[in-house]
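If you want the building blocks of each chain, they are given just below.
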Amino acid sequence: MRLNNVVAVGKREYLQRAKTKAFWIMTLILPLFVTAISVLPALLLSKSKANQRIVVVDETGKLGADLVAKMNANDTQTPKEATGRRNRDAAGMVVFKAQAEPPAADRKAQRADLDRRVLDKTIDAWVWISPGVFEDKPVEYHARSVSNVFTQETLRDDLSSIVRQERFRAAGIDPARVEELSGSVHLDPQRVSATGSRAEGSMGAALLAIVLFFILYISIIMWGQQVMQGVLEEKGSRVIEVVISSVTPFELMMGKLLGICLLGLTQLSIWLGTMLVVTAPGVVASMAFLPPGATLPSLSAVMLINFVLLFILGFLAYATLYAAIGASFNNLQEAQQAAGIAMVFVIIPVMVMYPVINDPNSRMATVLSLIPTFTPLLMPLRIAVDMPPLWELALAYALTVSFVIGMVWFCSKIYRVGILMYGKKPTFQEIWKWTRYA
Amino acid sequence: MTPILELRNVRKAYGDFVAVDGVSMSVPAGSIFGLLGPNGAGKTSTIRMIMNITAPDSGEVLVFGHPRTPEDLRRIGYLPEERGLYRKMTVMDQLLFLAEIRGLKGSRIRPEIERWLERVDLAKWSKSKIEELSKGMQQKVQLIGTVLHQPDLLILDEPFSGLDPINQELFRELLQEYRAQGKSVVLSTHGMELAERMCDHICLISRGRAVLDGELRDIKRRVGGNAYRLVAEGDLERLKTMPEVEQATVQDGVVKLLLRPEAAGSAVLRRMVEFLEIHEFRSEEPELEQIFMKAVRDAA
């Protein structure tokens, strides 16, 4: 094998593809997209923290004042601590400016007047508490939009709390005493891991694992397809006949794989770089979207190294297969059918992704992640959630590396014959026969 | 002198179809060798075996005096029949790549490429993508890519397709310069007229068989001792029925006659006077076209 040739071919693949707009669009759009979906909602919600001017009309005469006091008090206190059960998402999102109004003699006119004020935007909503509230009748909520879930949730919590207090009082129980005695118990999740570290392993880790998984998944499929299309183009334009007089098919295949692999790594490093920035402590407003107690873990060096290594192995395992498929057929349509078979190996990891995250050391997770076709996709999941024992990792690498070497050998044989073969679509039996040509 | 390229009884079949049926030919060093024949005669199949793109079913290919090795291929410049270029690459990138895979250093070969582009009038296209070029321009880029590494032997499959007469002439000049440097050229074409102007050796292929092989001058002397030019009025069609006439093609009142080897010109002339008003009748070199048609008929 002439290294110069491999380098020349690889350089061409890398530069030609890096020059395309499609590459840069794809490379930049994903980080933008991820940043957008993680940061934007939080930003938007913090903007919608606008005052909710609400008029409360209480027919019972027992709740209005307390409710208004409680709603307005929510400005300052952290409601989650107060009730212990309020969804954190809703917390602090809504600031009420409530005011009580006594029910007028003409209820109808009062309601009409309130509606008018809502439409005038002098108030945002009005709440009507009828005496039936103590018999579980709902409280009316009138607003221009009733899809503001956070507002309604906060309001409902406040209402429930006041009504509950009133019920206790009616039953002769001191509400303050009840409050005191009925505090919830919190759960502090701590993972027991072999490495002894109790810090790792959380919802955040699972989230990171999923993100990494899909980055790998997209990269492997996308760059594998690129290899296949590149081979088909060479074959279709007969460039191959010129190139093959100076470069052996094996050199050509290796150059192509390495060039495209490097480009994939370039893209990956841009993506991971973005992730490092986005997950860096303090940067993300999206923290608001994580469940209580969770923080976004930043990428550790161990994870990065494993991730890159597994990308390279995964890429080589699949891309060689795609190269062989591209070489075997004459056009994209024919090749796509065969490429579907390769997809099976990528789809199985997707199906078992959640069980593996949930229990990364189960027998199924261990066994599947040691099968070379699945290792590149499943191992990063396990590493992100809970570092597997070193021997398992070593075994996985050994198996995958041997598998990749086998694949390169096997596919290069198909490639060598297929690349110069024209005419009718070959059958799988024929392709199999090619591997036995000298 | 050992031939630079030699085929010995090479045969290639695709299923039941025999594309190349025992072709032997020998290309002397320093020649422009024409592989001639109509479409589908087996020219491209033969060339693909020379380039080791397909393997012959039987027979031998020798280059530079020995059975071909992969190393030898690097001393051959090959131009395939269909466009063998990356469509999305620029002209310069394309040529640099082709130079690099032949072991040349990009930085050193760049001025050379620029000289070539200047020469074939493509200098201002060097940053254009191949797909933006016309077929003729692509063909010129391809030719540069073929000769950049100064191979000892050029194998060109239908190099003139898509070229206008001016560029055909340019190609002819370039190839002759190339030969003047002591290198050899094998080209295939179905255009007999072009081949006649361009080649000094030829091999005629028809239906997978080599029907004629040798130096063009020799062949003309050997096969075409009996060619005449005739300008006459009258029933020219009747010429074709005369037993002594091998071939008669009429064009613009001029008849190209090819007589059977045993026939004598004077005797034929005497017979023709009976039904034609003859203005001119003289012996001349036969055209390759005539030779080819005769050879194909003889072989059948």
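Nothing here was measured: the structure is a model prediction, and the numbers come from that model. (Residues numbered from 1 in each chain as written. Chains lettered and ligands numbered in written order. Predicted model: local features only at pLDDT ≥ 70, side-chain atom pairs only at ≥ 80, totals over all residues.)

### With respect to the overall build of chain B
Stage number 1. When you go through chain B residue by residue, the secondary structure sums to 10 helices and 14 strands.
Stage number 2. Projecting the C-alpha coordinates of chain B onto the three principal axes gives extents of approximately 75 × 45 × 35 Å.
Stage number 3. Residues counted as buried form 42% of the 300 residues belonging to chain B.
Stage number 4. In chain B, 72% of the contacts between residues at least 6 apart in sequence involve partners at least 24 apart. (Helix = DSSP H or I, 4+ residues; strand = E, 2+ residues; numbered from the N terminus. Buried ≥ 20, exposed ≤ 12 C-beta atoms within 10 Å, placed from the backbone. Contact = placed C-beta atoms within 7 Å.)

### So, the overall build of chain A
Stage number 1. Within chain A, the secondary structure is distributed over 16 helices and four strands.
Stage number 2. The burial tally for chain A puts 38% of its 438 residues in the buried class.
Stage number 3. The long-range fraction of contacts in chain A, counting pairs at least 24 apart against all pairs at least 6 apart in sequence, stands at 78%.

### Here we look at the interface of chain A and chain B
Stage number 1. Taken together, the 18 residues of chain A in the interface contact 22 residues of chain B.
Stage number 2. Of all elements in the fold, only helix H1 (3-18) and helix H9 (239-243) of chain A reach the threshold of two or more residues within the side of chain A that touches chain B.
Stage number 3. Broken down by element, the residue count for the side of chain A that touches chain B peaks at six residues, all from H1(A).
Stage number 4. Class assignment for the residues of the side of chain A that touches chain B results in eight nonpolar, seven polar and three charged. (Nonpolar A, V, L, I, M, F, W, Y, C, P; charged D, E, K, R; others polar.)

### Quick word on the sheet that holds strand S7 (residues 153-157) of chain B
All names here are of chain B.
Stage number 1. One open sheet holds the six strands; their spatial order is S6-S7-S8-S3-S9-S10, and the pairing between them is mixed. Single-partner strands in this sheet number two, and they are strand S6 (76-79) and strand S10 (209-215). Taken pair by pair, the neighbouring strands of this sheet meet at an average axis angle of 10°, ignoring direction.
Stage number 2. The pairing of S7 with strand S8 (residues 184-189) spans five bridges and is classified as parallel. Each residue of the ladder has a partner; that of Ile155, found in S8, is Val186.
Stage number 3. Its contacts with the sheet put helix H8 (residues 216-223) on strand S9 (201-206) and S10, and the angle it makes with S10 is roughly 110°. (Pairing = 2+ DSSP bridges. Axes fitted to C-alpha atoms, helices over the stretch in contact; angles between N-to-C directions.)

### Quick look at unusual backbone geometry
Residues and elements named next belong to chain B.
Stage number 1. Residues other than glycine seldom take positive phi values, yet Asn52 does so here, at roughly 65°.
Stage number 2. Secondary-structure assignment places Asn52 in the loop between helix H1 (43-50) and strand S4 (58-63).
Stage number 3. The exposure class assigned to Asn52 is buried, which follows from the 20 C-beta atoms found within 10 Å.
Stage number 4. Phi at Phe64 takes a positive value of approximately 50°, unusual for a residue other than glycine.
Stage number 5. By the secondary structure assignment, Phe64 is in the loop between S4 and strand S5 (66-67).

### Focus: the packing of helix H11 (residues 301-328) of chain A against helix H12 (residues 332-358) of chain A
Residue and element names in this part refer to chain A.
Stage number 1. Between H11 and H12, the least distance of the axes is 9 Å, while the angle of their chain directions is 155°. The angle between H11 and H12 places the two elements in the roughly antiparallel class. Every pair of crossing elements has a handedness; the one defined by H11 and H12 is right-handed. Along its contact with H11, which presents Tyr318, Leu321, Tyr322, Ile325 and Gly326, the element H12 presents Ala335, Ala338, Ala339 and Ala342.
Stage number 2. When the residues that make up the contact of H11 with H12 are grouped by side-chain class, the tally is eight nonpolar, one polar and no charged. (Parallel < 35°, antiparallel > 145°, perpendicular 65-115°, else oblique. Left-handed = near helix turned anticlockwise from the far one by under 90°.)

### Here we look at the nonpolar core
Stage number 1. Of all hydrophobic cores here, the largest spans 149 residues; its most connected members are A:Leu257, A:Ala319, A:Tyr322, A:Ala323 and B:Ile155.
Stage number 2. When residues of this core are assigned to their parent elements, the largest contribution, 16 residues, is made by H11(A).
Stage number 3. One finds A:Ile54, A:Leu67, A:Met71 and A:Val163 within the second-largest nonpolar core, a separate group that totals 21 residues. (Core = buried A, V, L, I, M, F, W, Y, C linked by C-beta atoms within 7 Å.)

### A closer look at helix H3 (residues 64-73) of chain A
Residue and element names in this part refer to chain A.
Stage number 1. Within H3, the full set of buried residues consists of Gly64, Leu67, Val68, Lys70 and Met71. The buried residues of H3 all sit within an arc of 165° when viewed along its axis, so they share a single face.
Stage number 2. Of the surrounding secondary structure, the elements contacted by the buried residues of H3 are strand S1 (51-58), strand S2 (95-101) and helix H6 (149-170). (Arc of directions from axis to C-beta.)

### As for the sheet that holds S2(A)
Residues and elements named next belong to chain A.
Stage number 1. Taken in spatial order, the four strands of this open sheet run S2-S1-S3-S4, and their pairing is mixed. Looking at strand neighbours, the two that pair on one side only are S2 and strand S4 (140-143), the edges of this open sheet. Strand-to-strand twist across the sheet, computed as the mean angle between neighbouring axes with direction ignored, equals 20°.
Stage number 2. Running at roughly 40° to S4, helix H5 (residues 107-120) makes contact with S1, strand S3 (125-129) and S4 of the sheet.

### Some remarks on the confidence of the model for chain B
Stage number 1. Per-chain confidence: chain B averages 87 in pLDDT, with 99% of residues scoring 70 or above.
Stage number 2. In the predicted complex, the global pTM is 0.71; the interface-specific ipTM is 0.78. (pLDDT = per-residue confidence, 0-100.)

### Describing the pairing of strand S12 (residues 245-251) of chain B
Residues and elements named next belong to chain B.
Stage number 1. Across six bridges, S12 lies against strand S13 (residues 254-259) in antiparallel orientation. Directly across from Gln247, in S13, lies its bridge partner Leu258.
Stage number 2. Between S12 and S13, which pair antiparallel one after the other, the connecting turn spans two residues, and Asp252 there sits at a positive phi close to 50°.

### Topic: the environment of B:Gly234
Residues and elements named next belong to chain B.
Stage number 1. Within the secondary structure, Gly234 sits in strand S11 (residues 227-234).
Stage number 2. Assessed through the 14 C-beta atoms surrounding it within 10 Å, Gly234 is described here as partly exposed.
Stage number 3. With 41 residues separating them in the primary sequence, Gly234 and Phe275 have C-alpha atoms 6.6 Å apart.

### Some details on helix H13 (residues 363-370) of chain A
All names here are of chain A.
Stage number 1. Turning to H13, its buried residues number three or more, namely Ala365, Leu368 and Ser369. Around the axis of H13, the buried residues are gathered within 95° of arc, so they sit on the same side. Relative to its buried face, H13 has exposed residues pointing more than 90 degrees away, namely Arg363 and Val367.
Stage number 2. Packed against the buried residues of H13 are H12, helix H14 (375-385) and helix H15 (390-418).

### Some remarks on the packing of H13(A) against H15(A)
All names here are of chain A.
Stage number 1. At a minimum axis separation of 9 Å, H13 and H15 run at an interaxial angle of 35°. Along the contact surface, H13 presents Thr366, Ser369 and Leu370, while H15 presents Glu392, Leu395, Ala396 and Leu399.
Stage number 2. Residues that form the contact of H13 with H15 fall into these classes: four nonpolar, two polar and one charged.

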